[in-house]
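Inside the fold
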Amino acid sequence: MRRKLVAGNWKMNKSFAEAEDLLNELYDALESKTSSNVDVVVCPPSIYLEMAVDFSETGIISVGAQDVSKYENGAYTGEISAQMLNSMQVEYCIVGHSERRKYHNETDADIAQKTNILLKHEITPIVCCGEVLDERESNNHFNVVKKQISDSLFHLDPLDFAKVIIAYEPVWAIGTGHTATPEQAQEMHAFIRQTVEEKYGKEIAKKLPILYGGSCNAKNAHDLFTQPDVDGGLIGGASLVAQDFVTIANAF
Ligand code: 13P
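Residues numbered from 1 in each chain as written. Predicted model: local features only at pLDDT ≥ 70, side-chain atom pairs only at ≥ 80, totals over all residues. Heavy atoms only, no water.

1. A look at the pattern of salt bridges
- Evaluation of the coordinates by the stated rule reveals 18 salt bridges.
- Among the salt bridges present, the one from R193 reaches D231, with a minimum N-O distance of 3.0 Å. Taken together, the residues span a long stretch of sequence, with R193 in helix α9 (residues 182-200) and D231 in the loop between α11 (221-225) and β8 (232-235) at a distance of 38 residues.
- Its relative accessible area of 8% is what places R193 among the buried residues.
- A relative accessible area of 1% means that D231 is categorised as buried. (Salt bridge = Lys/Arg side-chain N within 4 Å of Asp/Glu carboxyl O. Helix = DSSP H or I, 4+ residues; strand = E, 2+ residues; numbered from the N terminus. Buried < 20%, exposed > 50% of the residue type's maximum accessible area, 1.4 Å probe, protein only.)

2. Topic: the site of the ligand
- In the vicinity of the ligand, the residues found are N9, K11, H97, E169, A173, I174, G175, G214, S215, L234, G236 and G237.
- Taking K11, its side chain carries an N or O atom lying 2.8 Å from an oxygen atom of the ligand.
- For the ligand, whose free accessible area comes to 310 Å², the fraction covered by protein is 94%.
- Within the shell around the ligand, the residues separate by chemical class into three nonpolar, seven polar and two charged. (Near = heavy atom within 4 Å. Polar contact = N/O pair within 3.5 Å; in protein donor to acceptor, adjacent residues only side chain to side chain. Areas by Shrake-Rupley, 256 points an atom, 1.4 Å probe, with all protein chains shown as cover. Nonpolar A, V, L, I, M, F, W, Y, C, P; charged D, E, K, R; others polar.)

3. Remarks on unusual backbone geometry
- In this structure, N105 is a non-glycine residue whose phi angle is positive, near 50 degrees.
- Mapping N105 onto the fold places it in the loop between α4 (98-103) and α5 (108-120).

4. Considering α5
- In this model α5 runs 18 Å from its N-terminal to its C-terminal C-alpha over 13 residues, within 8% of the 18 Å that 1.5 Å per residue would give.
- Within α5, the full set of buried residues consists of D108, D110, I111, A112, K114, T115, I117, L118 and L119.
- Where α5 is buried, its residues touch α3 (82-87), β4 (92-95), α4, β5 (124-129), α7 (141-153) and α8 (158-161).
- Looking one or two residues past α5, E122 carries a phi angle of roughly 60 degrees, positive in sign. (Expected span 1.5 Å × (residues − 1). Contact = heavy atoms within 4.5 Å.)

Keep in mind that these numbers describe shape and distance, not what the molecule does.
Quick look at the structure:
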């Protein structure tokens, strides 16, 4: 059986006190949740990682960062390295989010470098891909996603590739309320798995966790997560409300 995972991407939200409240609420709500075969990850702003790691010591939640520097260390003002994240017991890191691609000009080559450096420091990369609306409307979405994952991941050897998680986040669905239908999500997830199978073979493709992200909420999560190739979600807005996030984590 494939690993199931729900990750909350808080993006640039919450004051220190609000972050602490949310972690407390999540902790209380998740403690009583029964399903133990779902990994629940929170990805707060980096300034709150230490606090989140303290909560994660209970084993109920794991912690991820939202980004990492592509460089090892040195004169890169404002950046946070994979080594630093590892030394803080951060286990996951989102890479290549469409907001980083759009507002920080991040390229597939950058994402490849970030993935390499995370794997080197034993952090699990959650690598994002997804088309914009024009690309879907012109029926180019499969080509776009194939190119993104090939250019950012297919340089990896099979052992390293097997440590990666892919998140399919159609850009037109992020923060818009226009969730992909379960059929659209399933179609793209199956395509991603097929593309991975062609490169790395059936065994690795079968085990790859592929998350869906984009206006996933407490109401639609179950229909998405019960699709055969959808292994969980990367959740934005709904991860900022403890009860919604916990409902999503239980939506398999
Ligand atoms: P929303 O769930 O707010 O649409 O955001 C999705 C996302 O970008 C998660 O990384």
